[in-house]
Amino acid sequence: MARVATVRLVILLVLGACGGTRDDPAASKAGAGSAAAAPRPAARPADDPFTPRDVSGVALVRVEDAVPGAPFSIELPAGLVREAKDAYVNWTWPDGTFNAPSITVMAAELPPATLEAAVAAAKLTSDPALVVATQQQVHDGFLVSVHRPDDHYLATELTRTFGGKALRCSVVYRTTAKQGPIPARAQTITLAETICVSLAPR
């Protein structure tokens, strides 16, 4: 009996010693992961007004508006901030005016009579480096898109005459050298053209 008690005591002592020095795989993994993990970069705030945004994939919704004497409809991204003054309506993204394109519909006093005139008007920025990406006649008007080769500027203009009133839709996106190039420039031009071509009388 004494021998059995002694054996039990030895076993308990051995187990106790092993338990004290046993490696915990979970603890080791957690410790290694914590030590090796690199610090994560800070997330860009949702309201960052300066980092250029890729808006090329946004969904569009139909909006009804008007400039004096010309009610119209147009398809726009949802949630834009609207500003109206005199003969134009302007929309910008709610988290800043320097990180995404602005959209404007305005009355055109002297609409271009030819496609060549529309291209000349779209390139009227004193920037000889502008590239014409699109130039075409559309129903009741003309569509022109230009951009800089370094992707720091793009503009789409559509001028359309209906009901004796000429309207111009323009989408402009400009970034500085510090901000970097416009993300997805080609796709953003496609979005801008989709927006402007949707301009219609109502």
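Here the structure is shown first, and the text comes after it.
Residues numbered from 1 in each chain as written. Predicted model: local features only at pLDDT ≥ 70, side-chain atom pairs only at ≥ 80, totals over all residues. Heavy atoms only, no water.

A count of helical and extended segments in the chain gives four helices and 10 strands. Evaluated residue by residue, the chain yields a buried proportion of 36% over its 202 residues. Restricting to contacts in the chain with at least 6 residues of sequence separation, those with at least 24 account for 51%. Counting every atom, the chain has about 12,000 Å² of accessible surface; 59% of that belongs to carbon and sulfur. (Helix = DSSP H or I, 4+ residues; strand = E, 2+ residues; numbered from the N terminus. Buried < 20%, exposed > 50% of the residue type's maximum accessible area, 1.4 Å probe, protein only. Contact = heavy atoms within 4.5 Å. Areas by Shrake-Rupley, 256 points an atom, 1.4 Å probe, with all protein chains shown as cover.)

A separate point is unusual backbone geometry. Glycine aside, a negative phi is what most residues show, and trans is what most peptide bonds show. Phi angles above zero are rare outside glycine, and D86 is one such case at about 50°. Turning to its location among the elements, D86 is positioned in the loop between β3 (81–85) and β4 (88–92).

The seven strands are arranged β3-β4-β5-β9-β8-β7-β6 in an open sheet whose pairing can be described as antiparallel. The two strands at the open ends of the sheet, each matched to only one other strand, are β3 and β6 (131–138). Going across the sheet, the axis of each strand differs from the next one's by a mean of 10°, ignoring polarity. Pairing of strand β5 (residues 102–107) with strand β9 (residues 165–174), which is carried by six bridges, proceeds in the antiparallel orientation. Considered in β9, the bridge of T104 is made with S170. (Pairing = 2+ DSSP bridges. Axes fitted to C-alpha atoms, helices over the stretch in contact; angles between N-to-C directions.)

Turning our attention to the pattern of salt bridges. Side chains that differ in charge, positive against negative, can pair when their charged atoms come close. Within the structure shown, the criterion is met by eight salt bridges. Across the salt bridge formed by E83 and K85, the nearest N and O atoms sit 3.6 Å from each other. Given the relative accessible area of 34%, E83 is considered partly exposed. The exposure class of K85 is partly exposed, given its relative accessible area of 45%. Overlapping salt bridges bring together R62, E64 and R202 as one network. (Salt bridge = Lys/Arg side-chain N within 4 Å of Asp/Glu carboxyl O.)

Next up on the list: the nonpolar core. Core analysis: the largest hydrophobic core is formed by 25 residues, its most contacted members being F72, I74, W91, I103, V105, L167 and L199. Every element with two or more residues in this core is listed here: β2 (70–77), β4, β5, β8 (153–162), β9 and α4 (185–197). (Core = buried A, V, L, I, M, F, W, Y, C linked by side-chain atoms within 4.5 Å.)

On to the pairing of β4, then. Among the five residues of β4, four are classified as buried, and the element is accordingly described as predominantly covered. Relative to β4, β3 runs antiparallel, the two being bridged by five bridges. Within β4, the residue paired with K85 across the bridge is Y88. As consecutive antiparallel partners, β3 and β4 are separated by two residues, and within that stretch D86 has a phi angle of approximately 50°, a positive value. Of the strand pairs in this sheet, β4 and β5 are connected by four bridges, and their pairing is antiparallel. When the sheet's bridge partners are listed, V89 is paired in β5 with V105.

Our next topic: the pairing of β9. Most of β9 is tucked away, with seven of its 10 residues classed as buried. Alignment of β8 against β9, held across 10 bridges, turns out to be antiparallel. When the bridges of β9 are listed, F162 appears paired with K165. Between the antiparallel neighbours β8 and β9 lie two residues, among them G163 with a positive phi of about 60°.

Attention now goes to helix α3 (residues 115–122). When we look at burial in α3, the residues that qualify are A118, V119 and A122. Projection of α3 onto a plane perpendicular to its axis shows the buried side chains occupying an angular sector of 100°, all on one side. Those residues of α3 that are buried are in contact with β6, β7 (141–147) and β8. (Arc of directions from axis to C-beta.)

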